[in-house]
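One-letter residues, chain by chain:
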Amino acid sequence: MQPLWQRAARFAMETDMLATIRHPATQGASAPPLVIAHGLYGTGRNWGVIARRLADRRDVVTVDMRNHGESPRFATQSYPEMAADLAEVIASLGAEADLLGHSMGGKAAMQLALTGTAPIRRLVVADIAPVPYTHDQSHHARAMMALDLTGVTTRGEADRRLSAVVEDPGLRAFFLQSLDLKAGGGPRWRLNLPVLEAEMAKIVGWPGTEGRFDHPALFLTGAESRYVLPEHRDTIRTLFPKARFAKLPGAGHWLHADKPREFEETVRVFLEA
């Protein structure tokens, strides 16, 4: 049997370390490993297809961010803390790594890159900028917490109930990926929703981190998204002087789900340049 580190398996590396899924290089690891950090209300499993496709010449590790998925629960959700979590994962790899982060995960990745506390070769930031935003996502946490899960045995039934408060079917499908229908004692969310709601100002904000990441960085956005605007570019270039910018036509904020093949190929070309 292959050792655990050679199989795509979820495990908590130590008591307080993030849970991960490792996808070993199928053709032998000839490139640095890639760590992928998901966005708010997501999990590492959301990135499984893209991770497997990118894991030809490199090991790919997807993480569950703190208070998400199978990772430990904490009372806070700040970017310095999330960056420190990612630094532990990279340290466990024992080598320089590439880092990709989407939305909340992208801000955590930028925080880590700017503070220089982990060996990052190349950085991919998916549809987010190092700026505070005014939108509030706490109503989604409240909608999930308020959902009556009594007697729910199928995702379809959960979707029907959630549709009363979340109109967008795509959002409902995304949220319901974090619903554990087989949990002991009945269905439960794989999200620490009370903390995510309480910490929302930090999550949509930005701590004003200074510093400079002098390695290549790709800011990849959805052409139909409004998260990364032209007025953000000067700030990005100040912090990331080697930043490159690319847009995926027909994609919104969840660009990796809207255009997975195009997303994967753009990331691959950048990492292998």
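The text that follows walks through the structure, step by step, so that each part is easy to find. (Residues numbered from 1 in each chain as written. Predicted model: local features only at pLDDT ≥ 70, side-chain atom pairs only at ≥ 80, totals over all residues. Heavy atoms only, no water.)

1. Brief notes about the pairing of strand S9 (residues 217-222)
Next, step 1: Across the six residues that make up S9, a large majority, six, are buried.
Next, step 2: Side-chain alternation along S9 places Ala217, Phe219 and Thr221 on one buried face and Leu218, Leu220 and Gly222 on a second face that is also buried.
Next, step 3: Two elements, strand S6 (residues 120-126) and S9, share four bridges in a ladder whose sense is parallel. Of the residues in S9, the one forming a bridge with Leu123 is Ala217.
Next, step 4: With six bridges joining them, S9 and strand S10 (residues 243-248) adopt parallel strand pairing. The residue bridging Leu220 from the neighbouring strand is Ala246, located in S10. (Buried < 20%, exposed > 50% of the residue type's maximum accessible area, 1.4 Å probe, protein only. Helix = DSSP H or I, 4+ residues; strand = E, 2+ residues; numbered from the N terminus. Pairing = 2+ DSSP bridges.)

2. Side note on empty space enclosed by the protein
Next, step 1: By the definition in use, this model includes one cavity of 30 Å³ or more.
Next, step 2: In this structure, the largest cavity spans a volume of roughly 30 Å³.
Next, step 3: Examining the composition of the lining of the largest cavity, we find that three residues originate from one element, helix H11 (residues 260-272), more than from any other.
Next, step 4: Its residues placed into classes, the lining of the largest cavity shows two nonpolar, no polar and four charged. (1 Å grid on protein atoms, 1.4 Å probe; cavity = no way out; pocket = protein on both sides within 12 Å on 5 of 7 lines; lining within 4 Å. Points joined across faces, edges and corners; volume = space filled by probe spheres on them. Nonpolar A, V, L, I, M, F, W, Y, C, P; charged D, E, K, R; others polar.)

3. Observations regarding the pattern of salt bridges
Close approach of charged atoms allows side chains with opposite charge to pair.
Next, step 1: Here the structure, examined in full by the defined rule, presents 18 salt bridges.
Next, step 2: Arg66 serves as the salt-bridge partner of Asp85, at 2.7 Å between the closest nitrogen and oxygen. Of this pair, Asp85 sits in helix H2 (residues 79-93) while Arg66 sits in the loop between strand S4 (60-63) and H2, and the two are 19 residues apart along the sequence. This pair shows no difference in class: Asp85 is buried, exactly as Arg66 is.
Next, step 3: As a salt-bridge pair, Glu157 and Arg161 come within 2.7 Å of each other at their nearest N and O atoms. With Glu157 and Arg161 both in helix H5 (residues 155-162) and four residues apart, the pair spans about one turn of that helix.
Next, step 4: Glu157 sits in the partly exposed class, given a relative accessible area of 22%.
Next, step 5: Put simply, Arg53, Asp56, Arg57, Glu264, Arg268 and Glu272 are held in one network by salt bridges that share partners. (Salt bridge = Lys/Arg side-chain N within 4 Å of Asp/Glu carboxyl O.)

4. Section: the pairing of S4
Next, step 1: Both faces of S4 are covered, namely the face carrying Val60 and Thr62 and the face carrying Val61 and Val63.
Next, step 2: Both strand S2 (residues 19-23) and S4 contribute to a ladder of four bridges, which runs antiparallel. Residue pairing in the sheet places Thr20 in a bridge with Val63 of S4.
Next, step 3: Note: strand S3 (residues 34-37) against S4, four bridges, orientation parallel. Directly across from Val35, in S4, lies its bridge partner Val61.

5. Digging into the packing of H2 against helix H3 (residues 104-115)
Next, step 1: Contact geometry of H2 with H3 gives a least axis separation of 8 Å together with a crossing angle of 75 degrees. The angle between the axes of H2 and H3 places the two elements in the roughly perpendicular class. Of H3, the residues touching H2 (which contributes Tyr79, Pro80, Met82, Ala83, Leu86, Ala87 and Ile90) are Met104, Lys107, Ala108, Ala109, Gln111 and Leu112.
Next, step 2: Looking at the contact of H2 with H3, its residues break down into 11 nonpolar, one polar and one charged. (Axes fitted to C-alpha atoms, helices over the stretch in contact; angles between N-to-C directions. Parallel < 35°, antiparallel > 145°, perpendicular 65-115°, else oblique. Contact = heavy atoms within 4.5 Å.)

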